[in-house]
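Summary of structural features
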Amino acid sequence: MLGLIIILSVLGFLMIFAEVYLPGGVIGALGGISLLAAVAISYGEYGFGVGTLLLVVFLVVGVTVLTLGFYILPKTRAGKVLVLNSSLEGDGLVASTLAPGTPGSALTDLRPSGTAVIDGKRLDVLAQTGHIKRGSEIQVVRTEGPKIIVRLA
């Protein structure tokens, strides 16, 4: 049984490590289940003391690796691919700079939402009422946070 505990432990840690590169949660969850199975088997085969020791070792190793990972991984070549190191300028809310009456053109049918070009920018817009056909001239009625409400010009 010691061999099974070792195999489950190694597989568990490898699956959790693989979760960093293959996100989605399934592989990491299977790794966690594998580690829990190793702990459960050690409780059953070797008693409370060995089971608890293995559980504490897993927790200490897991927390240590996770902590070091936050500091070391971003500095590695693989980490530089995974970690975003740049930021966007401004607040990202184009709608707040659009004045009512600003003209534009519908790129798609607005039913009631769609895409339009306003001030040379491709934006998601919402028709005030009904359906507006693609290619129609539109104008901004108002903005509500990130929403841009338009109508036929």
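Residues numbered from 1 in each chain as written. Predicted model: local features only at pLDDT ≥ 70, side-chain atom pairs only at ≥ 80, totals over all residues. Heavy atoms only, no water.

1. A word on the sheet that holds strand β5 (residues 147-152)
For clarity, the cut-off: Only strands that DSSP links by at least two bridges are regarded as paired with each other. Comment: elements are numbered from the N terminus, with helices defined as DSSP H or I runs of at least four residues and strands as E runs of at least two. Here an angle of 0 to 180 degrees is reported between the N-to-C directions of two axes, which are lines fitted to C-alpha atoms, with helices fitted over the stretch in contact.
Strand order in the closed barrel made by the five strands is β1-β2-β3-β5-β4, with mixed pairing throughout. Within this sheet the neighbouring strands show an average axis-to-axis angle of 55 degrees, counted without direction. As judged from the three bridges shared by strand β1 (residues 103-106) and strand β4 (residues 137-144), these two strands associate in the antiparallel manner. Each residue of the ladder has a partner; that of Gly104, found in β4, is Ile138.

2. A word on the packing of helix α2 (residues 26-46) against helix α3 (residues 48-72)
Working note: a packed helix pair is described by the angle between its axes plus the distance between those axes. We count it as follows: For classification purposes, angles smaller than 35 degrees are called roughly parallel, those larger than 145 roughly antiparallel, those between 65 and 115 roughly perpendicular, and all remaining angles oblique. We call a crossing left-handed when the near helix sits turned anticlockwise from the far one by less than a right angle, and right-handed when that turn is clockwise. By definition, residues are in contact when any of their heavy atoms lie within 4.5 Å. All residues other than Ala, Val, Leu, Ile, Met, Phe, Trp, Tyr, Cys, Pro, Asp, Glu, Lys and Arg, Gly among them, are scored as polar; the first ten of these are nonpolar and the last four charged.
Here α2 crosses α3 at 160 degrees, and the two axes come no closer than 6 Å. Compared by their axis directions, α2 and α3 come out roughly antiparallel. Considering how the two elements wind past one another, α2 and α3 form a crossing that is right-handed. Packed against α2, whose contacting residues are Leu35, Ala38, Val39, Ser42, Tyr43 and Tyr46, the element α3 presents Phe48, Val50, Gly51, Thr52, Leu54, Leu55 and Phe58 at the interface. In terms of residue class, the contact of α2 with α3 is made up of ten nonpolar, three polar and no charged.

3. Here's the deal with the environment of Met15
Note on placement: Met15 falls in helix α1 (residues 2-21). Separated by 103 residues in sequence, Met15 and Ile118 place their C-alpha atoms 48 Å apart. Not counting the four nearest positions on each side in its chain, Met15 is found in contact with Ile27, Gly28, Leu30, Gly31 and Ser34.

4. Quick look at α2
Keep this limit in mind: Here the expected length of a helix is defined as 1.5 Å per residue gap, with one fewer gap than residues. Partly exposed describes any residue whose relative accessible area lies between the buried limit of under 20% and the exposed limit of over 50%, with all areas from a 1.4 Å probe on protein chains only and scaled to the type maximum. What the arc covers is the set of directions going from the helix axis to the C-beta atoms.
With 21 residues, α2 ought to run about 30 Å at 1.5 Å a step, and its terminal C-alpha atoms sit 30 Å apart, in line with that. What α2 keeps buried is the set Gly28, Gly31, Ser34, Leu35, Ala38, Val39 and Ser42. Considered in projection along α2, the buried side chains sweep an arc of 135 degrees and stay on one side of the axis. In this structure, α2 carries Val26, Ile33, Leu36 and Gly44 as exposed residues pointing more than 90 degrees from its buried face. Of the surrounding elements, those touching the buried residues of α2 are α1 and α3. Looking one or two residues beyond α2, the residue adopting positive phi is Gly47, at roughly 95 degrees.

5. Points about the pattern of salt bridges
Close approach of charged atoms lets side chains of opposite charge pair. Definition in use: By definition here, a salt bridge exists when the distance from a side-chain nitrogen of Lys or Arg to a carboxyl oxygen of Asp or Glu is within 4 Å.
Within this structure, the stated rule accounts for three salt bridges. With a closest N to O distance of 2.9 Å, Asp109 and Arg111 form a salt bridge. Taking relative accessible area as the criterion, Asp109 reaches 28% and is therefore assigned partly exposed. Here Glu144 makes a salt bridge to Lys147, at a shortest N to O gap of 3.6 Å. On the accessibility criterion, Lys147 (43% relative accessible area) is partly exposed. Salt bridges sharing common partners tie together Arg142, Glu144 and Lys147.

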